[in-house]
Amino acid sequence: MSSSDEFKLYDCGTLLLDVTTSSFTKAQRRWRIAYTAIYSARAMLSLAKEIISRRASQHPSVIEQLHHYVALDIEPSGSQHWGENFLSSSFAPKIDQKILVKSLKEKDLVSLCQFGGVEGVAAALGTDPEYGIRNDDREVMKRQEMFGTNTYRRPPPKGLLYFVLDAFKDTTILILLVCAALSLGFGIKEHGAEEGWYEGGSIFVAVFLVVVVSALSNFRQETQFDKLSKISNNIKVEVVRGGRRQDISIFDLVVGDVVFLKIGDQIPADGLFLHGYSLQMDESSMTGESDHVEVDARRNPFLFSGSKVADGYAQMLVASVGMDTAWGEMMSSITGDKNERTPLQARLDKLTSSIGKVGLLVAFLVLVVLLIRYFTGNTKDDNGQKEYIGSKTNVDDILNAIVHIVAAAVTIVVVAIPEGLPLAVTLTLAYSMKRMMADQAMVRKLSACETMGSATIICTDKTGTLTLNQMKVTQFWLGQESIEEDLANIIAPSVLELFYQGVGLNTTGSVCKPVSGSLTEFSGSPTEKAILSWAVLGLGMDMEKLKQEYSIIHVETFNSEKKRSGVSVRRRADETIHVHWKGAAEMIVAMCSQYYESNGIIRSMNEEGRSRIETIIQSMAAGSLRCIAFAHKQVSEEKMECNDQSGKNHQRIKEDGLTLLGIVGLKDPCRPGVMKAVEACHSARVGIKMITGDNVFTAKAIATECGILGPDYHEESGEVVEGIEFRNYTPDERMEKVDKILVMARSSPFDKLLMVQCLKQKGHVVAVTGDGTNDAPALKEADIGLSMGIQGTEVAKESSDIVILDDNFSSVATVLRWGRCVYNNIQKFIQFQLTVNVAALVINFIAAVSAGEVPLTAVQLLWVNLIMDTLGALALATDRPTKELMQKPPVGRTEPLITNIMWRNLLAQALYQIAILLILQFKGESIFNVPERVKDTLIFNTFVLCQVFNEFNARKLEEQNVFKGILQNRLFLGIVGITIILQVVMVEFLKKFADTEKLKLWQWGVCIVLAAFSWPIAWFVKLIPVSDKPFFSYLKRLRIRFTIVTQAIYHRKPSSCSCST
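Residues numbered from 1 in each chain as written. Predicted model: local features only at pLDDT ≥ 70, side-chain atom pairs only at ≥ 80, totals over all residues. Heavy atoms only, no water.

## Thoughts on the overall build of the protein chain
Piece 1. Scanning the protein chain from N- to C-terminus turns up 40 helices and 28 strands.
Piece 2. Burial statistics for the protein chain: of 1061 residues in total, 53% are counted as buried.
Piece 3. Intrachain contacts of the protein chain at a sequence separation of at least 6 include 73% that bridge at least 24 residues.
Piece 4. By element, 57% of the accessible surface of the protein chain is carried by carbon and sulfur atoms, the whole surface being about 47,900 Å². (Helix = DSSP H or I, 4+ residues; strand = E, 2+ residues; numbered from the N terminus. Buried < 20%, exposed > 50% of the residue type's maximum accessible area, 1.4 Å probe, protein only. Contact = heavy atoms within 4.5 Å. Areas by Shrake-Rupley, 256 points an atom, 1.4 Å probe, with all protein chains shown as cover.)

Right, dumping it as structure tokens:
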């Protein structure tokens, strides 16, 4: 059904003309007069002439009032002068937007008819159904001012203050603040306001510093995620403006725009069906109903934002945007605060909890020991006197001492609990997401970042992913004859006319001839554009003339399962009906019983002829060409009708007894760099499987060119199968052969889903690329779904975890590298932090038990915590991926976070730090001949510098050269430099704040030398080989053996007793 035929169904202009003048109210008359005044005289006169010529004989009494109905009887889109008038006129809408919005939401056909139907609404909105609105920025801005923008009201983003307040909800921080307040009060009471505030005030400042730095980091990441969310929501929409089809942002869509819709698209705003074919909508996101809704011009022309195109294609008139849409109202009520926890974050939460419990136990023991030592009189003040002397001790002094002890214990908890682990994950995920965006990959789900590092198989499409998706017709066969030059003169006019029909009418693309005389523009998919370009430039097809001579009756749209599209058209000159099919060559040929020759003669397709044509297709495919065939049949009206199960009549396009028109071969060259990307994946022990809808010969040619199939490939290897063959295997056969398969040709979306399921059952971590609506199940089933940003439908993108913005397989390999980098960066930070945790806990516990005091004060430990958690996370979580990451096998799903290599490294460093600091604690005064406060400062300074040097060691878990690539990470060097500067300030200038003493130059040298020993230790330790078996598995084995031995002893005792009796 053509667009003009659809508009006649409404013909509201005729309806209103037949109504007498007395039926209109005074307000309606004023409205029509005002509307007429707004429209230009040229448009009014041109329309009036046509109406007068049609109606003069029938309605002489109403001719005077025709100007009232100009807006309601606009000529259909085929009219050329309409577009000319429209493009030169200014926008002046005359429509009640509130009533229109209400009519849309309520699906009110009566109200729509009162507007003049869809055509009347288009005219009132100043839109030409064919040319769209004017392609003018001022026009767009004016429409946005009048009708609003296509954006939704969102809850305001969380500010910095929110994260600061959130940080204060931490129990340990609150306890420290209470201790700081008590210490401040007792200090001022004992030493006066000038001197007494130092200790309590120092704890306050240290706590606030930790809180603010943590809040700043979280705020920065929240802002980053918010930006990425906006980018992911920025869908591109195809519209026509000023007669030119163009892609615009969904946010730039305005009321009056004409939008092109195809399978898989999400409706960007509420609107009305202008014209199209076989349109089926999935409105489950709006209504919850899974059944598809049929949309047409007659019964249901309403389209709602948020719903998706399940089948067919159409053009839509945008009638309301943003908050005026039903989707906008719903989205504005959603906060969008998902608080998504990735699998790695969940594992880290468990690790944090376990370490925290150990820290609490140590802190409790330290608290008990210090309290016992204090109340038993085993502690002394600065003057060497006992601090507690029973009832003679002042209550304030007792409380002050208890506060100091509690603060020390709580600070140990602060250091012990690795709050930096969640921060490190957030930082590395945010950093990798930002970098991946620059590398043409947009992450939609955080978990995909880390899961990609474990991928063992990548199932990839061919077209546009491994190839450039820049199609060009390079071969053309008519019957059994190859035609290369002068096509329009060699081919018989009758056959040429049929080709024009088959190409120009059976397409979702379009041809635009600019008025300025510039080059003809082709729009649509790359395949459609290539065929249209070939037909217009090579065959001399005139698209405008074709549309005027034929009207479309019914359309069967292309999808991945059918691999073909069909159309039935009526020639206006003689009312004959023609059926055309276009699609995968071997499938179209199978539907044919005859074929055309170039001279117009029709030959019967016997077995020999069919075999020759199939050989031609195979030879074209072997040259890595995509083969598209065209077929035709003239039918009668009766043969177009068929009954469905409900008894209703439906249009059906004939699918057998066709005549083959010809076959075109489209060349789509491989992308540059694809072979290197495939090699990189293979070296990383990641298998590549190509799943394509093309025939087996094209698939093999491309797979060999890309390096997926090796030079030693042979037919019997089972590496190449067709979808139907794989589908027909028994479940056991599929499981046996799925690992060997490298290429699956002529596959359907169901075959892709089946392969993903088989691979997952075999224990693989599977990444899948997809671009079509039908790929959604496989994308959801896969561990990592990778959709295509250019060719991908919105349904595919919503089902995926990562969107590959340039549709390039090299970007898929980059995502794999980043996935491994995320996991590796987290492991670096865990090793670094656990080293500090183990050292700090052991030193404080031993010192508290043996000497009755902790060498590191609350402020000093908080400073170490700041270095460790925030600055350490920033330094280590932002390393870029290296080539070495792609030389290792994938990380297993169940592999422990802390590997044996990490245990080896961190225990060596922790033991060294414990040994050095305990020597300084007990022998430091005598070795260096310094007072106790200088000794404590030496311990604090050495401990901090050890962490600085160990940060370098943590950069490389296995490599001995820890400085490799360090100059590329300026952030790391900057953080190390800032840490050293701040440490110098702490020791030399903040004596009272940090409870330190100034150190001499040689004392600084001693601290640096002691800390620097961690480098050679790390170098030698990495020479020690470690087992691949997890460390804790040995403990489990010991526990099992101990259980067996105890059970054996338990069972042996009764028998020995019985013997003695």
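More follows now that the structure is in view.
## Focus on the sheet that holds strand β25 (residues 743–745)
Piece 1. Taken in spatial order, the eight strands make up an open sheet running β8-β28-β27-β26-β9-β23-β25-β24, and their pairing is mixed. For this open sheet the edge positions go to β8 (441–443) and β24 (720–722), each flanked by a neighbour on one side alone. Neighbouring strand axes in the sheet, compared pairwise and without regard to direction, differ in orientation by 20° on average.
Piece 2. Examined bridge by bridge, β24 and β25 share three bridges and lie parallel to one another. Its bridge partner lying in β25, Val720 is registered against Val743.
Piece 3. Along the sheet, helix α29 (residues 749–761) contacts β9 (457–460), β23 (687–691), β25 and β26 (766–770); its crossing angle with β26, the most-contacted strand, is approximately 170°. (Pairing = 2+ DSSP bridges. Axes fitted to C-alpha atoms, helices over the stretch in contact; angles between N-to-C directions.)

## Things to note about the nonpolar core
Piece 1. Phe940 and Phe943 are the most contacted members of the largest nonpolar core, which has 83 residues in total.
Piece 2. The element best represented in this core is helix α33 (residues 858–876), accounting for 14 residues.
Piece 3. Phe940 has contacts with Leu856, Gln860, Trp863, Val864, Gln983, Met986, Val987 and Thr996, leaving out every residue within four places of it along the chain.
Piece 4. In this structure, Met452, Ala703, Ile826 and Leu897 belong to the second largest nonpolar core, which totals 65 residues. (Core = buried A, V, L, I, M, F, W, Y, C linked by side-chain atoms within 4.5 Å.)

## Some words on the pattern of salt bridges
Piece 1. Counted according to the given criterion, the structure contains 35 salt bridges.
Piece 2. Between Glu798 and Lys308 there is a salt bridge, with the nearest N and O atoms lying 3.5 Å from each other. Of this pair, Glu798 sits in helix α31 (residues 794–799) while Lys308 sits in strand β7 (residues 308–320), and the two are 490 residues apart along the sequence.
Piece 3. With a relative accessible area of 37%, Glu798 lands in the partly exposed category.
Piece 4. A salt bridge links Asp656 to Lys654; the shortest N-O distance between them is 3.7 Å.
Piece 5. Residues joined by salt bridges that share partners form a network here, namely Arg134, Asp136, Arg138, Glu139 and Arg143. (Salt bridge = Lys/Arg side-chain N within 4 Å of Asp/Glu carboxyl O.)

## What to know about unusual backbone geometry
Piece 1. With a phi close to 55°, Ser278 is a non-glycine residue in the positive phi region.
Piece 2. As for its placement among the helices and strands, Ser278 is situated in strand β4 (residues 270–282).
Piece 3. On the basis of relative accessible area, Ser278 is assigned to the partly exposed category, the value being 27%.
Piece 4. Even without glycine at this site, Ser624 takes up a positive phi of about 60°.
Piece 5. Residue position: Ser624 is located in the loop between α24 (607–622) and β19 (625–635).

## Digging into a nonpolar patch on the surface
Piece 1. A surface patch of nonpolar side chains, amounting to about 450 Å² of accessible area, comprises Leu361, Phe364, Leu365, Val368 and Ile372.
Piece 2. Mapped onto the elements, Val368 comes out in helix α15 (residues 343–375). (Patch = residues over 30% accessible without salt bridge, like charges linked within 9 Å, V, L, I, M, F, W, Y side chains within 5 Å.)

## Describing the environment of Pro669
Piece 1. Tracing the backbone shows Pro669 in the loop between β22 (658–667) and α25 (674–683).
Piece 2. For the pair formed by Pro669 and Met471, sequence separation is 198 residues and the distance between their alpha carbons is 8.2 Å.
Piece 3. For Pro669, the contacting residues outside a window of four places in its chain are Thr467, Leu468 and Gln470.

## Some words on a positive patch on the surface
Piece 1. On the surface, Arg220, Lys227, Lys434, Arg435 and Arg880 cluster together into a positively charged patch.
Piece 2. By the element assignment, Lys434 lies in helix α17 (residues 420–438). (Lys, Arg positive; Asp, Glu negative; His and termini not counted. Charge placed at Lys NZ, Arg CZ, Asp CG, Glu CD.)

## Description of the pairing of strand β16 (residues 577–584)
Piece 1. Burial runs high along β16: eight of the eight residues are buried.
Piece 2. Strand direction decides the pairing type here: strand β15 (residues 564–571) and β16, joined by seven bridges, are antiparallel. Note on β16: the bridge partner recorded for Gly566 is Trp581.
Piece 3. Where β15 hands over to β16, the hairpin turn is made up of five residues, of which Glu575 adopts a positive phi near 60°.
Piece 4. In this structure, β16 lies alongside β19, joined through eight bridges in antiparallel fashion. Paired with Ala584 across the two strands is Ile628, which belongs to β19.

## Details of the side chain of Thr465
Piece 1. In this fold, Thr465 is placed in the loop between β9 and β10 (472–478).
Piece 2. In this structure Thr465 comes out as buried when scored by relative accessible area, which is 0%.

## Structural notes on helix α6 (residues 97–105)
Piece 1. All buried positions along α6 are accounted for by Gln97, Leu100, Val101, Ser103 and Leu104. Projected down its long axis, α6 carries its buried residues within an arc of 160°, all on one side. Along α6, the residues that are exposed and aim more than 90 degrees away from the buried face are Lys98 and Lys102.
Piece 2. Tucked inside the fold, the buried residues of α6 contact α7 (109–114), α8 (117–124), α9 (137–147), β4, β6 (302–303) and β7.
Piece 3. A positive phi of about 50° marks Lys107, the residue just after α6. (Arc of directions from axis to C-beta.)

## Looking at the packing of aromatic side chains
Piece 1. This structure, assessed with the given rule, holds 17 aromatic pairs.
Piece 2. With a centroid separation of 5.3 Å and 90° between ring planes, the pair formed by Tyr162 and Phe163 is classed as edge-to-face.
Piece 3. Ring centres of Phe952 and Phe963 lie 6.0 Å apart, and the angle between their planes is 55°; this geometry places the pair in the tilted category. In this pair, Phe952 sits in helix α35 (residues 932–954) while Phe963 sits in the loop between α35 and α36 (970–988), placing the two residues eleven residues apart along the sequence.
Piece 4. Overall, Phe963 belongs to the partly exposed group, its relative accessible area being 38%.
Piece 5. An aromatic cluster is present here, built from Phe949, Phe952, Phe963, Phe972 and Trp1015 joined pairwise through their rings. (Phe/Tyr/Trp six-rings, centres within 6.5 Å; stacked < 30°, edge-to-face > 60°.)

## So, the state of the cysteines
Piece 1. Per the counting criterion, the structure on display carries zero disulfides.
Piece 2. The thiol of Cys1007 is unpaired, and the distance to the nearest cysteine sulfur, on Cys946, comes to 9.2 Å.
Piece 3. A relative accessible area of 0% means that Cys1007 is categorised as buried. (Disulfide = S-S within 2.5 Å.)

## What to know about the UniProt feature "transmembrane region" (unreviewed entry) in the protein chain
Piece 1. Using the residue numbers shown here, the UniProt feature "transmembrane region" (unreviewed entry) corresponds to residues 160–188, 200–219, 358–376, 401–431, 834–852, 858–878, 971–990 and 1002–1021.
Piece 2. Secondary structure across residues 200–219 comprises 100% helix and 0% strand; the distance between its end C-alpha atoms is 28 Å. (UniProt positions renumbered as here; feature names shortened; annotations may be inferred.)

## Examining the packing of helix α38 (residues 1001–1012) against helix α39 (residues 1014–1021)
A pair of packed helices is captured by two measures, namely the crossing angle of their axes and the spacing between those axes.
Piece 1. It is at 5 Å that the axes of α38 and α39 come closest, and there the two elements cross at 10°. As the angle between them shows, α38 and α39 are arranged roughly parallel. Judged by residue contacts, Leu1010, Ala1011 and Ala1012 of α38 engage Ser1014, Trp1015 and Pro1016 from α39.
Piece 2. Of the residues assigned to the contact of α38 with α39, the class counts are five nonpolar, one polar and no charged. (Parallel < 35°, antiparallel > 145°, perpendicular 65-115°, else oblique. Nonpolar A, V, L, I, M, F, W, Y, C, P; charged D, E, K, R; others polar.)

## Points about the pairing of β10
Each regular strand shows side chains that alternate between the opposite faces of the sheet.
Piece 1. Sheet topology note: the β10/β22 ladder contains five bridges and is antiparallel. Its bridge partner being in β22, Gln475 is matched across the sheet by Gly665.
Piece 2. Relative to strand β11 (residues 481–482), β10 runs antiparallel, the two being bridged by two bridges. Looking at β11, one finds that Leu478 is bridged to Glu481.

## A look at helix α21 (residues 526–538)
Piece 1. The end-to-end C-alpha distance of α21 is 17 Å, a good match for the 18 Å that 13 residues give at a rise of 1.5 Å each.
Piece 2. Listed in full, the buried residues belonging to α21 are Pro526, Thr527, Glu528, Ala530, Ile531, Leu532, Trp534, Ala535 and Val536.
Piece 3. The first or second residue beyond α21 is Gly540, which carries a positive phi of 75°. (Expected span 1.5 Å × (residues − 1).)

## Notes on the packing of α35 against α36
Piece 1. In the contact formed by α35 and α36, the axes pass within 11 Å of each other and the chain directions differ by 175°. The orientation of α35 with respect to α36, classified from their angle, is roughly antiparallel. Note on element contacts: α36 touches α35 through Phe972, Val976, Thr979, Ile980, Gln983, Met986 and Val987, opposite Thr937, Phe940, Asn941, Val944, Val948, Glu951 and Phe952.
Piece 2. Partitioning the contact of α35 with α36 into residue classes produces nine nonpolar, four polar and one charged.

## Some details on the side chain of His632
Piece 1. In this fold, His632 is placed in strand β19.
Piece 2. Within the structure, His632 has its side chain in polar contact with the side chain of His578 (distance 3.0 Å).
Piece 3. Setting aside its immediate chain neighbours within four residues, His632 contacts Leu498, His578, Val579, His580, Tyr596, Leu658, Thr659 and Leu661. (Polar contact = N/O pair within 3.5 Å; in protein donor to acceptor, adjacent residues only side chain to side chain.)

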